[in-house]
Amino acid sequence: MNYLEILKFRHACKVFDESKKIGAGEFNFILEAGRLSPSSTGLEQWDFLVVQNKELREKIRALSWNQVQITSCSHLVIVLAKISDIKIHSHYVADMIARRPDKTPEERAGRVAFYQGFLSSNFKDNEELIFQWSHEQCMIAATNMMNAAASLGIDSCPIEGFDRAGLNELLGLNPSDKRVAIVVPFGYRLNSQPQKYRRELSDVVKWIN
């Protein structure tokens, strides 16, 4: 499939075929697409939690409007948005910069100072502002994983219909550290894909010359 065909194939799959499972190599490909995603200032504001435990999935489903995709999918990915790691003086930010062997110590120190100024002026260590920013980056990673899956003929369904506070608590997350951004089940469709409706390009795009 070319890229537009991949986008046309991908849809929010509501019913997965529980008899079909994604192979390990294919699922690693999907995760790798998430890992390689772009992020604002390159901070990779996400972690991926893969939940295969059946009992835990049932509990997640109960907190997610009882959406059957949670328990019927082959693999369930929960994308977590970083909070504490994105604060001004976090070790995470320093470690992300220190991993660059092509930079001199002076350049790395300058980059640390840049990040501290950027994070301070834009987010002021406010956890709600940081979560909003991290959440936006997590959506990029989730989109890349869903499109990567579609390129293999694998379906997915982006889910934000859940009790976020309840799900954070169930997963043992400290909301000052990280929070659930989005839940994405992956698997194979049981039913044929419904018609996809989108606005016409002429209605979406406005040119300013």
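Residues numbered from 1 in each chain as written. Predicted model: local features only at pLDDT ≥ 70, side-chain atom pairs only at ≥ 80, totals over all residues. Heavy atoms only, no water.

Trainee: Before we move on, could you go through the side chain of Arg61 and cite the residues and values that matter?
Mentor: Considering the arrangement of structural elements, one finds Arg61 in helix α3 (residues 54-62). Those residues in contact with Arg61 that sit more than four places away from it in its chain are Asn66, Gln67, Val68, Ile70 and Thr71. (Helix = DSSP H or I, 4+ residues; strand = E, 2+ residues; numbered from the N terminus. Contact = heavy atoms within 4.5 Å.)

Trainee: Break down the sheet that holds strand β3 (residues 155-156) for me, with residues and values.
Mentor: Spatially, β1-β2-β4-β3 is the arrangement adopted by the four strands of the open sheet, whose pairing is antiparallel. The open sheet terminates on both sides in strands that have one partner only, identified here as β1 (46-51) and β3. Against the sheet, α3 engages β1 and β2 (75-82), with an angle of about 65° to β2. (Pairing = 2+ DSSP bridges. Axes fitted to C-alpha atoms, helices over the stretch in contact; angles between N-to-C directions.)

Trainee: Explain the packing of aromatic side chains to me, and be specific about the residues and the numbers.
Mentor: Applying the stated criterion to the full structure yields seven aromatic pairs. Considering the side-chain rings of Trp46 and Phe48, the 6.4 Å spacing of their centres and the 10° angle between planes classify their relative orientation as stacked. Judged by relative accessible area, which is 6%, Trp46 ranks as buried. One aromatic cluster in this structure is built from Phe114, Tyr115, Phe118, Phe123 and Trp133. Positioned above the aromatic ring of Phe131, the side-chain terminus of Arg179 is 5.2 Å from the ring centre. (Phe/Tyr/Trp six-rings, centres within 6.5 Å; stacked < 30°, edge-to-face > 60°. Buried < 20%, exposed > 50% of the residue type's maximum accessible area, 1.4 Å probe, protein only. Lys NZ or Arg CZ within 6 Å of the ring centre and 35° of its normal.)

Trainee: Could you give an account of the packing of helix α2 (residues 24-35) against helix α7 (residues 127-151), naming the residues involved and the relevant values?
Mentor: Where α2 contacts α7, the two axes come as close as 8 Å, and the packing angle between them is 145°. Every pair of crossing elements has a handedness; the one defined by α2 and α7 is right-handed. Every residue of α7 that contacts α2 at Phe29, Ile30, Leu31, Ala33 and Gly34 is listed here: Ala141, Asn144, Met145, Ala148, Ala149 and Ser151. Here the residues of the contact of α2 with α7 sort into eight nonpolar, three polar and no charged. (Left-handed = near helix turned anticlockwise from the far one by under 90°. Nonpolar A, V, L, I, M, F, W, Y, C, P; charged D, E, K, R; others polar.)

Trainee: Pulling in residues and values, what's your account of the UniProt feature "domain: Nitroreductase" (unreviewed entry) in the protein?
Mentor: Mapped onto the present numbering, the UniProt feature "domain: Nitroreductase" (unreviewed entry) falls on residues 8-188. The distance from the first to the last C-alpha atom of residues 8-188 is 16 Å, and the span holds 48% helix and 14% strand. (UniProt positions renumbered as here; feature names shortened; annotations may be inferred.)

Trainee: Now, about the packing of helix α6 (residues 105-123) against α7: what can you tell me, with residues and values included?
Mentor: One can describe the packing of α6 onto α7 by two numbers: an axis separation of 9 Å at closest approach and a directional angle of 110°. Considering their axes alone, α6 and α7 lie roughly perpendicular with respect to each other. In this structure, α6 contributes Phe118, Leu119, Asn122 and Phe123 to the contact, and α7 contributes Leu129, Ile130 and Trp133. (Parallel < 35°, antiparallel > 145°, perpendicular 65-115°, else oblique.)

Trainee: Break down the environment of Lys87 for me, with residues and values.
Mentor: Within the fold, Lys87 resides in the loop between β2 and α5 (91-98). In this structure the C-alpha to C-alpha distance between Lys87 and Ile6, which are 81 residues apart in sequence, comes to 37 Å. Beyond its immediate chain neighbours, meaning those up to four positions away, Lys87 contacts Val93, Leu119, Asp125, Glu127 and Ile130. Looking at Lys87, its side chain comes within polar contact range of the side chain of Glu127, at 2.9 Å. (Polar contact = N/O pair within 3.5 Å; in protein donor to acceptor, adjacent residues only side chain to side chain.)

Trainee: An account of unusual backbone geometry is requested, with residue identities and associated values reported.
Mentor: Here the phi dihedral of Lys124 falls at roughly 55°; this positive angle occurs in a residue that is not glycine. Its place among the elements puts Lys124 in the loop between α6 and α7. Positive phi values are uncommon outside glycine, yet Asp125 reaches one of about 60°. Of note, Asp125 is situated in the loop between α6 and α7. Taking the relative accessible area as the measure of exposure, Asp125 reaches 32% and is therefore partly exposed.

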